[in-house]
Amino acid sequence: MNNQNNQADLLKELRIDRRPGPPPSRRGLWIAIAVVVALLLAALAAWALFGRDRGIEVRTTQVVATGGGTASASVLDASGYVVARRMATVSAKITGRVREVLIEEGMAVEEGQVMATLDPIDADAQRSLSAAQLAAARTQVGNVQAQLKEAEANARRLESLVQQQLVSRAQYEQAVAERDSLRAQLASAQRNVEVAGDQLKISDIGVDNTVVRAPFAGMVVAKAAQPGEIVSPLSAGGGFTRTGIGTVVDMDSLEIEVDVGEAYIGRVEPKMPVEATLNAYPDWKIPAEVIAIVPTADRGKATVKVRVALKEKDPRIVPDMGVNVSFLETERSADERAPQEVRVPADAIVQRDGADVAFVVGGGDPAVVERRAVKPGRAVGDDRQVLSGLSAGETVVLAPPAELEDGGRVRVLQ
């Protein structure tokens, strides 16, 4: 019985199952495809990082314009000071005690404005005396005129009596002599009146001299005296006497004085344009012009003085300020004007095959450089002028390495 059951089980195991089963899975296929794609992307990234040429690492700078075209280049730089061509220390014409001072530093004054007054006691007394002398001289004239009138009448009467032989001729001649003497006295008295009048005018001037007035319009930069002090137009030789009331500067007369070395004075010409920069305002460029070259040299400093006129008037410009000036090339007409000049750091220009060249950086990453032949000019500090071959705004390679060639790839270091 058991043998039959075992055989039946074996037959069931050998039986072929004809029922349809579930569809096969594609998950493995998709996994394989994903792995292949990942390997391809990794290969492409590796080639991008290590397989292609990334170029030479370089540093760059931009080409800067130096003032060609419409502007003028500097041919000489120098330093000097702002000075006033019209400046006066105002003093009284006479010696006297200050009664009142009407000025302060920084005050604007007009021509003829009263700056101070002196004690007028002495001057007033002298004027009163002169006026009295004039009055006395006029009184003397009136007295002589009255005597002369009587003498002339007496002479006319005696002349008639002499003709009638009623008086002697000697009496008549005596009357004529007295008349003529009084006429001379009248002329002298009238002259004394004129002299007394002139003396009174001088005394008036003496009174006016006690008033100190501004000689011209300007700005008070110094106040030198106080009420109660003695001032004199002459030096007191170390005493306590002041020699001035204050100092007035005509701000419209300000200019620049520059000492230029003898070796460079040939670059400066009258009417030459100048650009001035005050030490106090370094960002303010003031247009100016050469007035004159003083025709003498300083033997000790080996310099020649140059006067420069400021074309702008501004309250910020005051005497004795330090200033730097750049003497510019004379402006040329449009036909004569040279192309715009540019400059680059000196190490951007190198020698290749016996020629001066620079490498201009183009766009892209990595960027491609172009080798340019250039014509260098004069040195400007650490820079070098470039007369041709480059334009303002272009980017050039600093210190190009020896392996860099035209068309080479570079990577710009930040």
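See the structure shown above.
Throughout this document, residue positions are counted from 1 along each chain, in the order its sequence is written. Restriction of local features to residues with pLDDT of at least 70 applies here, the model being predicted, together with a cutoff of 80 or more for giving and counting side-chain atom pairs; totals for whole chains, interfaces and linings are based on all residues. In computing side-chain properties, one takes all heavy atoms of the structure into account and sets aside hydrogens as well as water.

**Some words on the sheet that holds strand β2 (residues 64-65)**
Move 1: Pairing between two strands requires that DSSP report at least two bridges joining them. Secondary structure elements are taken from DSSP: a helix is a run of H or I of four residues or more, a strand is a run of E of two residues or more, and numbering for both begins at the N terminus. Reading across from one edge, β2-β17-β22-β21 is the order of the four strands in this open sheet, with antiparallel pairing throughout. With one partner strand each, in any of the chains shown, β2 and β21 (375-380) form the two edges of the open sheet.

**Observations regarding the sheet that holds strand β4 (residues 87-90)**
Move 1: Reading across from one edge, β4-β11-β9-β6 is the order of the four strands in this open sheet, with antiparallel pairing throughout. Since the sheet does not close on itself, it has two edges, and those belong to β4 and β6 (108-109), each with one partner.
Move 2: Relative to strand β11 (residues 246-249), strand β9 (residues 218-223) is paired through four bridges, and the arrangement is antiparallel. What sits directly across from Ala-222, in β11, is Thr-247.

**Digging into the pattern of salt bridges**
Move 1: We define a salt bridge as a contact between a side-chain nitrogen of Lys or Arg and a carboxyl oxygen of Asp or Glu at a distance within 4 Å. Taken as a whole and judged by the stated rule, the model has 18 salt bridges.
Move 2: Here Glu-152 ties to Arg-183 by a salt bridge, and the two come within 3.3 Å at their closest N and O atoms. Remark: Arg-183 occurs in helix α4 (residues 169-208) and Glu-152 occurs in helix α3 (residues 121-163); sequence separation between them is 31 residues.
Move 3: Each residue's exposure class comes from its accessible area (1.4 Å probe, protein chains only) as a fraction of the maximum for that residue type: buried when under 20%, exposed when over 50%, partly exposed otherwise. Overall, the relative accessible area of 23% leaves Glu-152 in the partly exposed class.
Move 4: Measuring nitrogen to oxygen at the nearest pair gives 3.0 Å for the salt bridge that ties Arg-213 to Asp-208.
Move 5: Residue Asp-208 is classed as partly exposed on the basis of its relative accessible area, which comes to 37%.
Move 6: One connected set of salt bridges, linked through shared partners, spans Arg-85, Glu-255 and Arg-307.

**Brief notes about a nonpolar patch on the surface**
Move 1: Like charges are joined within 9 Å and nonpolar side chains (Val, Leu, Ile, Met, Phe, Trp, Tyr) within 5 Å, but only among residues with over 30% relative accessible area and no salt bridge; these make up the patches. For every accessible area listed, the method is Shrake-Rupley and the probe measures 1.4 Å; residues are considered covered only by the protein chains on display. On the surface, Ile-31, Val-35 and Leu-39 cluster together into a nonpolar patch covering about 290 Å² of accessible area.
Move 2: Tracing the backbone through its elements, the reader meets Leu-39 in helix α2 (residues 27-51).

**Some points on the pairing of strand β3 (residues 74-84)**
Move 1: Sheet topology note: the β3/strand β16 (residues 322-328) ladder contains seven bridges and is antiparallel. Paired with Gly-80 across the bridge in β16 is Val-323.
Move 2: Of the pairings in the sheet, the one linking β3 to strand β12 (residues 254-261) comprises five bridges and is antiparallel in character. Bridging across to β12, Val-83 finds its partner in Glu-255.

**Points about the environment of Ser-79**
Move 1: Mapped onto the elements of the fold, Ser-79 is located in strand β3.
Move 2: Taking the C-alpha atoms as reference points, Ser-79 and Glu-257, separated by 178 residues in sequence, lie 8.6 Å from one another.

**With respect to the packing of α3 against α4**
Move 1: Fitted lines through C-alpha atoms give the axes, limited to the stretch in contact for helices. The angle between two N-to-C directions lies from 0 to 180 degrees. The geometry of α3 relative to α4 is characterised by a closest axis approach of 7 Å and an angle of 165° between their N-to-C directions. Taken together, α3 and α4 sit at an angle that is classed as roughly antiparallel. Regarding α3 and α4, the two cross each other, and that crossing is left-handed.
Move 2: Each residue is assigned to one of three groups, with Ala, Val, Leu, Ile, Met, Phe, Trp, Tyr, Cys and Pro labelled nonpolar, Asp, Glu, Lys and Arg labelled charged, and all others, Gly among them, labelled polar. In terms of residue class, the contact of α3 with α4 is made up of 21 nonpolar, 15 polar and ten charged. Angles are sorted into four bins: roughly parallel if under 35 degrees, roughly antiparallel if over 145, roughly perpendicular if 65 to 115, and oblique for all others. Crossing chirality is assigned from the near helix's rotation relative to the far helix, an anticlockwise turn below a right angle marking it left-handed and a clockwise turn marking it right-handed.

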